[in-house]
Amino acid sequence: MLMRLKVGVAGATGYAGGELLRLLLMHPQVEIGAVTAGGSAGSRLGEHQPHLRPLADRVVGVTTAEAFTGHDVVFLALPHGASAELAMALPADTTVIDCGADFRLTDAADWQKFYGTEHAGSWPYGLPELPGQRDVLRGATRIALAGCNVTAATLALFPAIQAGLVDGHDITVTGAVGPSGAGKAAKPHLLGSELMGSATPYGVGGVHRHTPEMLQNFRAVGASNPTVSFTPILVPMARGILVSCTAPLADPATDADTVRAAYETAYADEPFVELLPEGQWPQTQWVNGSNNCLVQVTVDPSIGRLVALSVLDNLTKGTAGQGIQALNLSQDFDETLGLTAMGVAP
């Protein structure tokens, strides 16, 4: 019989925290413990997450290490830079899963360049689909989840890099991203009157904080000296990411069938990554609320470039669902427990 885990969520009133709680409520081996936040501590959770009816009357606690005494697992759904101090205060035998960026990057110089603070170190990386990563996550008590854009771009490209079909040089990634990825705090550019009917680029010119993480992943699957130009575009959909990625083929004569075969092999047994039928292009609406990532790939023979697209729900497969996958692996549960590959439509 599987054990039942007591799981707490720090940052429970934000978008990522709410999605974690939604999924944890459906997990058969979880008892939800403390739910905490910063400025909203003392209020009812239902004021912030009214869709989570079973938890509506929970009182939001103050985010401290003491709030999670006796917990088996703690999820940190906190702003970047806020996880490290709390994580260090939690017991070594408590499994801590960070949804933020604090422990993703292995290179301290990259962290300091893109985040401007001291590097807190790196933890086992919570993207199970990367080769060998499931073995790293089994039994891990500290896990850093991947960025949502990084997850989409990595899953779109890594089979081609791993197979040597592209060498990782001159990669371009363009992402259409919903505003929930920016968090729940009120920001003028995320107001409905600013967002509706418009698409807005941001983080242009190599400055987006997910750029070094993409490069880290491309190196991890075999690219010796990768380069990437990443341009995210804010679009008026509440949740979701679509990335379009291109890269020069190592051999310009490589055809689409050869590329497709590499992706079929890489994703044949993946529960939450699916290569779509040939000619079907992914749409974000197909993955809303699911832990699935849909991928399509082809070749542009006129310029000898690979073209790969993927879609995922930034709050689920891009954050909370990935976290549940990592939780399941760390506890030796079935990886799919509490998760679904089915989206919500319309």
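From a predicted model like this one, the values you see are computed outputs, not experimental measurements.

Asks: Can you walk me through helix 7 (residues 211-220) in this structure?
Replies: When you tally the buried positions in helix 7, you get eight out of ten residues, the bulk of the element. Along helix 7, the residues classified as buried are Thr211, Pro212, Glu213, Met214, Leu215, Gln216, Asn217 and Phe218. On its buried face, helix 7 is in contact with helix 3 (108-115), helix 5 (148-162), strand 7 (171-177) and strand 9 (228-234). Gly222 lies just past helix 7 and shows a positive phi near 120°.

Asks: Sorry if this is basic, but what is going on with helix 1 (residues 15-25) here?
Replies: Given 3.6 residues to a turn, an α-helix orients residues that are three or four positions apart in the same direction. Judged by how many residues are buried, helix 1 sits mostly within the fold: eight of eleven residues are covered. For helix 1, the elements touching its buried residues are strand 1 (5-10), strand 2 (30-37), strand 4 (73-76) and helix 9 (316-330).

Asks: Looking at this structure, how should I read the pattern of salt bridges?
Replies: Close approach of charged atoms allows side chains of opposite charge to pair. All told, the structure shown has eleven salt bridges when counted by the stated rule. With a shortest N-O distance of 2.7 Å, Arg239 and Glu19 are connected by a salt bridge. Pair noted here: Arg239 is in the loop between strand 9 and strand 10 (241-248) and Glu19 is in helix 1, with a separation of 220 residues, a long-range link. The class for Arg239 is partly exposed, based on a relative accessible area of 24%. One salt bridge connects Glu129 with Lys317, and the closest N-O pair in it is separated by 2.8 Å. You can see Glu129 sitting in the loop between helix 3 and helix 4 (133-137) and its partner Lys317 sitting in helix 9, a full 188 residues away along the chain. The class for Lys317 is buried, based on a relative accessible area of 0%. Each of Glu19, Arg22, Arg239 and Asp313 takes part in salt bridges that share partners, so that together they form one network.

Asks: Explain the sheet that holds strand 12 (residues 293-300) here, please?
Replies: Paired through backbone hydrogen bonds, the strands of a sheet run either parallel or antiparallel to each other. If you walk across this open sheet you meet the seven strands as 8-9-7-10-13-12-11, and the pairing is mixed. Two strands close off the open sheet at either side, each with one partner strand: strand 8 (200-201) and strand 11 (273-275). Pairing analysis gives eight bridges linking strand 10 to strand 13 (residues 305-312), with the strands arranged antiparallel. Across the sheet, residue Ala247 finds its bridge partner in strand 13, namely Leu306.

Asks: Just checking my understanding: could you explain the pairing of strand 2 for this structure?
Replies: In summary, the side chains of a regular strand alternate between the two faces of the sheet. Among the eight residues that make up strand 2, seven are buried, leaving the element largely enclosed by the rest of the structure. The pairing of strand 1 with strand 2 spans five bridges and is parallel. By the bridge assignment for strand 2, Ala10 is matched with Thr36. Remark: the strand 1/helix 1/strand 2 crossover connection has right-handed handedness. Judged from the two bridges that link them, strand 2 and strand 3 (residues 61-62) form a sheet pairing that is parallel. Looking at the pairing, Ala37 lines up with Val62 of strand 3.

Asks: Please explain the layout of surface pockets as it appears in this structure.
Replies: Taking a probe equal in size to a water molecule and rolling it over the atoms shows the remaining empty space. In this structure, the largest pocket spans a volume of roughly 1200 Å³. In this structure, the largest pocket is lined by 45 residues; those nearest its centre are His80, Gly181, Ala182, Gly183 and Lys187. Only helix 1, helix 5, strand 8 and helix 9 provide two or more residues apiece to the lining of the largest pocket. Looking at the lining of the largest pocket residue by residue, the classes come out as 21 nonpolar, 20 polar and four charged. Looking at the second largest pocket, its volume works out to about 410 Å³. Tyr15, Ser180, Lys184, Ala238 and Leu315 are, among the 23 residues lining the second largest pocket, the residues nearest its centre. Here the lining of the second largest pocket gets four residues from one element, more than from any other, and that element is helix 1.

Asks: How should I be thinking about unusual backbone geometry in this particular structure?
Replies: As a rule of thumb, non-glycine residues mostly have phi less than zero, and peptide bonds are mostly trans rather than cis. Cis peptide bonds are those with omega within 30 degrees of zero, and the linkage from Ala345 to Pro346 qualifies with 0°. Phi is positive for Asp170, close to 60°, though the residue is something other than glycine. Take Asp170: it is sitting in the loop between helix 5 and strand 7. Notably, Asp332 is not glycine yet its phi reads approximately 60°, a positive angle. Take Asp332: it is sitting in the segment after helix 9. You can call Asp332 exposed: its relative accessible area is 63%.

Asks: I would appreciate a short explanation of the nonpolar core in the present structure.
Replies: Burial of nonpolar side chains together is a common tendency in soluble globular proteins. One finds Leu157, Val173, Phe218, Tyr263 and Leu306 to be the most contacted residues of the largest nonpolar core, which totals 44 residues. Apart from residues no more than four positions distant in its own chain, Phe218 is found in contact with Ala153, Thr154, Leu157, Ile161, Ile171, Ala223, Pro226 and Val228. The next biggest cluster of nonpolar side chains, apart from the first, holds 35 residues, and it includes Val9, Phe75, Leu145 and Ala320.

Quick notes on the rules
Going along each chain's sequence as written, the residues are numbered from 1 onward. pLDDT decides what is reported in this predicted model: residues at 70 or higher carry local features, side-chain atom pairs at 80 or more are listed and counted, and totals for whole chains, interfaces and linings draw on all residues regardless. The basis for every side-chain value is the complete set of heavy atoms in the structure, and neither hydrogens nor water enter the calculation. Categorising residues by exposure relies on relative accessible area from a 1.4 Å probe, with only protein chains included: less than 20% of the type maximum marks a residue as buried, more than 50% marks it as exposed, and the intermediate range marks it as partly exposed. Counting from the N terminus, the helices are DSSP H or I runs at least four residues long and the strands are E runs at least two residues long. The contact criterion used is simple: two residues touch if any of their non-hydrogen atoms lie within 4.5 Å. The working definition used for a salt bridge is a side-chain nitrogen of Lys or Arg within 4 Å of a carboxyl oxygen of Asp or Glu. When DSSP finds two or more bridges between a pair of strands, those strands are recorded as paired. Whether a crossover is right-handed depends on one test, that the path from the first strand over the helix to the second runs clockwise when the strands point away from the viewer. The rule is simple: put a 1 Å grid over the protein atoms alone, call a set of points where a 1.4 Å probe fits but cannot get out a cavity, call an open set with protein on both sides within 12 Å along at least five of seven lines a pocket, and count a residue as lining if it has an atom within 4 Å of a point. Grid points are joined across faces, edges and corners, and a volume is the space filled by probe spheres set on the points. We call Asp, Glu, Lys and Arg charged. Ala, Val, Leu, Ile, Met, Phe, Trp, Tyr, Cys and Pro are nonpolar, and the rest, Gly among them, are polar. Nine residue types can take part in a nonpolar core, namely buried Ala, Val, Leu, Ile, Met, Phe, Trp, Tyr and Cys, and a core is a set of them joined through side-chain atoms within 4.5 Å.

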